[in-house]
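# Summary of the model geometry
So you can see what is in the structure, the chains are spelled out below.
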Amino acid sequence: MRFEFIADRPVLDFLPTLAERGHADVEQLTAPTDFADWAVQAGIVERAPDVDDAGLRHVKALREAMFRLVRALIDGTEAATADRELVNGAAAGPLPTLRLDVDGVHRNGDLDAVLTVLARDCLELHASDDRLALRWCADEHCTRAFVDRSRGARRRWCGMRGCGDRAKAAAYRQRRRTAIP
């Protein structure tokens, strides 16, 4: 499976692996290898970590805790203690190891190292100025959060490919329908 990386932050690209929350609930991590592939495609590690069924359940539990933390940050509500503790615990783990070789830098790590990167990014999001520019995509079915770095902070879509294109096409069709007598 090919995943989409458009958020400029690993955690914000990871959360939509469960897409259209509350609508279609499209789960993209249906097998342990799906998360291993995601980690490589995200560039967190270059070799897929070993993930078993228990590991995948942990990945999904952590993803949901991080989603609730991001939602609380955007909505200005209190984050649940259990979610904070789960993410804090994952953030305390080992990071991937970096090695400079003649052909460049190599990143290697196991499942815990990948989850540590994601958990730390979630925590750093809470401490960075990006938290002030966090928004939800305006597409009614998209549940992707994004950092609005646009001039004037008027961005509405998580990305123009996909949600933005669909909205523009729908608006065009609506204008065409109303323009025809």
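Everything here concerns the structure above.
Residues numbered from 1 in each chain as written. Predicted model: local features only at pLDDT ≥ 70, side-chain atom pairs only at ≥ 80, totals over all residues. Heavy atoms only, no water.

### Examining the packing of helix α3 (residues 53-75) against helix α5 (residues 111-127)
Axis separation between α3 and α5 bottoms out at 10 Å; the angle between their running directions is 5°. Between α3 and α5, the interaxial angle falls into the category roughly parallel. Contacts between α3 and α5 pair Gly55, His58, Val59, Leu62, Met66, Leu69, Val70 and Leu73 from the former with Leu111, Leu115, Leu118, Ala119, Cys122, Leu125 and His126 from the latter. (Axes fitted to C-alpha atoms, helices over the stretch in contact; angles between N-to-C directions. Helix = DSSP H or I, 4+ residues; strand = E, 2+ residues; numbered from the N terminus. Parallel < 35°, antiparallel > 145°, perpendicular 65-115°, else oblique. Contact = heavy atoms within 4.5 Å.)

### Thoughts on the environment of Phe35
Topologically, Phe35 is positioned in helix α2 (residues 32-41). What makes Phe35 buried here is its relative accessible area of 0%. Spatially, the C-alpha atoms of Phe35 and Pro49 are 8.8 Å apart, while their sequence positions differ by 14 residues. Beyond its immediate stretch of four places on either side in the chain, Phe35 contacts Phe14, Leu29, Val51, Leu56, Val59, Leu111, Val114, Leu115 and Leu118. (Buried < 20%, exposed > 50% of the residue type's maximum accessible area, 1.4 Å probe, protein only.)

### As for a negative patch on the surface
On the surface, a cluster of negative charge is contributed by Asp50, Asp52, Asp53, Asp110 and Asp112. In this structure, Asp112 sits in helix α5. Asp112 gets classed as partly exposed once you look at its relative accessible area, which sits at 42%. (Patch = residues over 30% accessible without salt bridge, like charges linked within 9 Å, V, L, I, M, F, W, Y side chains within 5 Å. Areas by Shrake-Rupley, 256 points an atom, 1.4 Å probe, with all protein chains shown as cover. Salt bridge = Lys/Arg side-chain N within 4 Å of Asp/Glu carboxyl O. Lys, Arg positive; Asp, Glu negative; His and termini not counted. Charge placed at Lys NZ, Arg CZ, Asp CG, Glu CD.)

### Let's talk about the pattern of salt bridges
Following the criterion strictly, the structure yields 12 salt bridges and no others. The salt bridge partner of Asp8 is Arg149, with a shortest N-O separation of 3.5 Å. Within this pair, whereas Asp8 is found in the segment before α1 (10-14), its partner Arg149 is found in the loop between β6 (145-147) and α6 (160-179), the two being separated by 141 residues in sequence. With a relative accessible area of 65%, Asp8 lands in the exposed category. Among the residues examined, Arg149 registers a relative accessible area of 48% and is labelled partly exposed. Salt-bridge contacts for Asp121 lead to Arg9; the nearest nitrogen and oxygen are separated by 2.8 Å. You can see Asp121 sitting in helix α5 and its partner Arg9 sitting in the segment before α1, a full 112 residues away along the chain. By relative accessible area, Asp121 is classed as buried at 8%. Among the charged side chains, a network of salt bridges with common partners joins Asp8, Arg9, Asp121, Asp130 and Arg149.

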